[in-house]
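Notes for the structure review
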Amino acid sequence: MKVLTVFGTRPEAIKMAPIVKELEKNSNIESRVCVTGQHREILDQVLEVFDIKPDFDLDIFKPGQSLSQITTKALLGMEKVIEEFRPDLLLIQGDTTTVFTGALAAFYHKIPVGHVEAGLRSENIYSPYPEEANRKLTSVITSLHFAPTEIAKENLLQEGYNPADIYVTGNTVIDALKYTVKDKYIFDKSPLDSIQYNNKVILLTSHRRENWGEPMERIFSAMKKIVEMRPEVELIFPVHPNPKVRTVADKYLKGMDRVHLIEPLSYEPFCNLMAKSHIVVTDSGGVQEEAPTLGKPVLVVREETERPEGIEAGTAKLLGTDEAVIIEEVLRLLDDENSYKSMANAVNPYGDGYASKRIVEIICNRFL
Ligand code: UD1
Ligand code: UDP
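Criteria and cut-off values
Residues numbered from 1 in each chain as written. Chains lettered and ligands numbered in written order. Predicted model: local features only at pLDDT ≥ 70, side-chain atom pairs only at ≥ 80, totals over all residues. Heavy atoms only, no water. Near = heavy atom within 4 Å. Polar contact = N/O pair within 3.5 Å; in protein donor to acceptor, adjacent residues only side chain to side chain. Areas by Shrake-Rupley, 256 points an atom, 1.4 Å probe, with all protein chains shown as cover. Helix = DSSP H or I, 4+ residues; strand = E, 2+ residues; numbered from the N terminus. Nonpolar A, V, L, I, M, F, W, Y, C, P; charged D, E, K, R; others polar. Expected span 1.5 Å × (residues − 1). Bend = angle between axes of the 7 residues up to and from the residue.

Digging into the site of ligand 2
With respect to spatial proximity, 16 residues lie near ligand 2, and among them Leu265, Ser284, Gly285, Gly286 and Glu290 are the closest. In the model, an oxygen atom of ligand 2 is placed 3.4 Å from a nitrogen or oxygen of the His207 side chain. Contact distances for ligand 2 include 2.7 Å between an oxygen atom and a backbone N or O atom of Gly286. Protein contacts shield 95% of the accessible area of ligand 2, which totals 540 Å² for the unbound molecule. Only α1 (10-25), α10 (267-276) and α11 (285-293) provide two or more residues apiece to the shell around ligand 2. Along the lines of polarity and charge, the residues of the shell around ligand 2 split into 8 nonpolar, 5 polar and 3 charged.

Observations concerning unusual backbone geometry
Residue Ser127 is joined to Pro128 through a cis peptide bond whose omega torsion reads -5°. As for its position among the elements, Pro128 is in the loop between β5 (113-116) and α5 (131-140). The amide bond that connects Tyr129 to the next residue, Pro130, takes the cis arrangement and shows omega of 5°. In this fold, Pro130 is placed in the loop between β5 and α5. Even without a glycine there, the phi angle at Lys110 is positive, about 55°. As for its position among the elements, Lys110 is in the loop between α4 (97-108) and β5.

Details of α1
Helix length check: α1 (16 residues) gives 23 Å between terminal C-alpha atoms against 22 Å at 1.5 Å per residue, within 8%. Of all bends in α1, the biggest is about 40°, found at Met16, and the proline Pro18 comes one to four residues later.

Listed below in structure tokens is the structure:
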């Protein structure tokens, strides 16, 4: 059987890499990888870590493209790849523009789609934007839904999808994480090696479209004030390459003592940095899944989350983007040991590290 795995951004690459490795091990499967190149340097970082050499690279990246440009370029590029390789199944992961166009291109060729990380929902079509729409649109043209959790499965059942096509597999991000976090990790990059990790290190990431502009200004302003108020805090922020993020990060945080604005980290150092941090503040999806596994309290600076499992487990808190609320909640974790301890539990609501094996087994059972 021929399987085409398609991805285009950093988080998709991280979560697809364990599946690509499993597919490669299976002698009954002819596996090919197509990257759209929606991201470039932060995608290539991941390909390098997992030693994946794409068979097809649509190379659509151009800084500052609109959603329509990404969509049309990826769709046209994928059409050629599908016509050349003629896969029996096309796999996509998550909710980016690459994901929706991958599913659509397969549908136009009547090729079944396997959707990894299916069934996440915030139930607000504009938040996350455009991801909530991407995943709903993708579900409609998906044949095999690989739901990471029971909650995700329940969302799909409520929308009327056939239970026989929904599989709860765990999230492959935990498979990826298992291989990266090490006990005595040494960073090969300054300034990460010289940071005092017994100080209270706050790791920040932020990139979401619905936070662009004022919400992001509030988040970064809150972080600036926290660093000014608390001399024991070190803030580390690997800044997403998007200029819409960089400009605001520079405006509030550049040049401050105990603030480290750094380039995006490769996956291995990033996860090990998370493991050494005290608190994680993020609007990322994947980071919300990794932090609970590492026992790190994660404060989510978004209005909605499609990942309620961490909140139910008590390791994540949904703050929104109000500056005063962010300051209050971070200070609570810094000052109140009980609050900190109640959130700093290593729990694993997102998977056990075997999701990719399960997914490939299911594919074999259904197709071979
Ligand atoms: C995309 C996904 C989002 C996902 C995020 C993960 C869409 C619409 N958005 O958002 O769901 O959470 O990836 O990071 O699919 N850039 C670079 N180099 C890169 C990557 C990005 O310079 O390697 C800059 C470019 O200026 C680019 C901008 O970032 O135009 C935004 O990239 P884009 O792919 O449109 O969206 P993200 O915000 O990264
Ligand atoms: N990540 C990384 N380097 C960084 C920041 C994040 O490798 O500097 C990883 C992180 O561990 C997670 C993924 O990138 O697995 C999340 O990507 P992102 O936040 O860009 O996207 P989202 O998950 O929000 O779609």
